[in-house]
Amino acid sequence: MKYLFIRLHEACNAGCWFCNFAKSNDRFRLSPEKYQEILEECLRQKVNYIRFTGGEPLLDLNLPTYIRQATDLGIKCSIITNGSLLSRNVAKLKAAGLSQIIVSIDDIGENHNNNRQIKDLYNKAIDGLKRCKELGILTRVNTVCGPHNYKRMPQLKEEFSKIGVDYWELSALKLEEKIEYDATYDEIHEVIEKVYFSDDGIIPFGKMWCGDTLQEQNMYFKESIPPRVRTECSMTSRVRYYDAKNNNIYVCSLLPHRGLPKEDYYHFSENEKFAYTNDAIDRIAQKYRIHGKEICNGCSSTAAFYGERDCSYSEKSDWEY
Ligand SMILES: C[S@@+](CC[C@H](N)C(=O)[O-])C[C@H]1O[C@@H](n2cnc3c(N)ncnc32)[C@H](O)[C@@H]1O
Ligand code: SF4
């Protein structure tokens, strides 16, 4: 199974306090010509899935066309979005062949609107999810969890269960600085119990946001290291992440956010064609496959879970990752 993430651009209409792209007016946009080149390589490499991300991908008016072109080649497409523009675009996206939508929702109502600095965003995002469900697009919510919102995860669980969200990813907030929880063991475990062990609604997939084992939880709460693989990491064989503006490719979707040294990603030179793989990219993948368990400080609960499994592993569907 091969996934390609494409960061189309950095521009974003939201102002999330935890994100480097907050309210970015960056003018770069992926060109349709470059996208054709990417698709040709996806065909050669038998890429199964393309996930569009940003910035806010729905700001690119070419997106429905990009989805149609990939879908016509047998490649399934998903979008990860803040949801602000989803309702008004959902019919177009469905017509283009969109398979899955991933909406980022981290908190309830006004808390979410304030965190992301968009008026009424929570209702817009929920409405977008409902419209996707009506049209048969697979729905997933990505929630970034940290000290500021962890207590409301049970409430989010209730809301997502009510509308029948298909998948829920609950991942740890990552920041450059140390993340401190002003919470007791009992307070954290009350949340864990309600979210992961109470059979009254959707249960997030992957590892728990703060780790599954005592050792993982100690690393997370004491050192701010989110759960990562304990074995070799198979994500490096499944996933590539292309940052279109900077013309860089990464061997996992979590690495681009970590300020990596230059030798840990591959930069395409000006006239070089896009490649999903080459010797240099494979060498980096091999490094992270073996050493990810010691060096990855920005992994996600989902990638950590799948990274520990064989490439062919699929519990419910390939779209889980
Ligand atoms: C960079 S956003 C791009 C797509 C879209 N704008 C959105 O918010 O869904 C991709 C994902 O990264 C998450 N994210 C952003 N900053 C983060 C951080 N500091 N720690 C963990 N996840 C983060 C977002 O919540 C979102 O789910
Ligand atoms: S909506 Fe997404 S890209 Fe935009 S600021 Fe928030 S997390 Fe970043």
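The following refers to the structure shown. Quick caveat: nothing in here was measured; it's all calculated off a predicted structure. (Residues numbered from 1 in each chain as written. Chains lettered and ligands numbered in written order. Predicted model: local features only at pLDDT ≥ 70, side-chain atom pairs only at ≥ 80, totals over all residues.)

### Things to note about the site of ligand 1
Okay, step 1: Around ligand 1, the surrounding shell holds 16 residues, and the nearest of these are Phe18, Cys19, Ser104, Asn142 and Lys174.
Okay, step 2: Elements with a contribution of two residues or more to the shell around ligand 1: strand E3 (76-81) and strand E5 (138-145).
Okay, step 3: Tallied by class, residues from the shell around ligand 1 come to eight nonpolar, six polar and two charged. (Near = placed C-beta within 6 Å. Helix = DSSP H or I, 4+ residues; strand = E, 2+ residues; numbered from the N terminus. Nonpolar A, V, L, I, M, F, W, Y, C, P; charged D, E, K, R; others polar.)

### Some points on the pairing of strand E7 (residues 239-243)
Okay, step 1: Along E7, four of the five residues are buried, which leaves the element largely enclosed by surrounding structure.
Okay, step 2: Pairing of strand E1 (residues 3-7) with E7 involves five bridges; the strand directions are parallel. Looking at E7, one finds that Leu4 is bridged to Arg240.
Okay, step 3: As paired strands, E7 and strand E8 (residues 248-250) are joined by three bridges and run antiparallel to one another. Pairing of Tyr241 across the sheet is with Tyr250, part of E8. (Buried ≥ 20, exposed ≤ 12 C-beta atoms within 10 Å, placed from the backbone. Pairing = 2+ DSSP bridges.)

### Thoughts on the environment of Trp168
Okay, step 1: Take Trp168: it is sitting in strand E6 (residues 167-172).
Okay, step 2: For Trp168, a count of 23 C-beta atoms within 10 Å translates into the label buried.
Okay, step 3: Along the primary structure Trp168 and Gln117 are separated by 51 residues, whereas in three dimensions their C-alpha atoms are 23 Å apart.
Okay, step 4: When sequence neighbours within four positions are dropped, the list of residues in contact with Trp168 reads Arg140, Val141, Thr143, Phe160, Ile202 and Pro204. (Contact = placed C-beta atoms within 7 Å.)

### A closer look at the sheet that holds E8
Okay, step 1: If you walk across this open sheet you meet the nine strands as E6-E5-E4-E3-E2-E1-E7-E8-E9, and the pairing is mixed. Edge positions in the sheet fall to E6 and strand E9 (266-267), since each of these pairs with one other strand and no more.

### Some words on the nonpolar core
Okay, step 1: The biggest cluster of nonpolar side chains holds 85 residues, and the ones touching the most others in it are Leu4, Ile6, Ile50, Val103, Ala125, Tyr241 and Cys252.
Okay, step 2: Excluding residues that lie within four positions of it along the chain, Leu4 makes contacts with Cys42, Val47, Ile50, Arg240, Tyr242 and Tyr276. (Core = buried A, V, L, I, M, F, W, Y, C linked by C-beta atoms within 7 Å.)

### Details of helix H3 (residues 86-96)
Okay, step 1: Here H3 has its buried residues at Leu86, Val90 and Leu93. Each buried residue of H3 sits inside an arc of 80° when the element is viewed along its axis, so together they form one side. In H3, the exposed residues that point more than 90 degrees away from the buried face are Arg88, Ala91 and Ala95.
Okay, step 2: Contact partners of the buried residues in H3: helix H2 (63-72), E3, strand E4 (100-104) and helix H5 (121-134).
Okay, step 3: Positioned one or two residues after H3, Gly97 has a phi angle of 105°, which is positive. (Arc of directions from axis to C-beta.)

Function-wise, these values are silent; they only describe arrangement.
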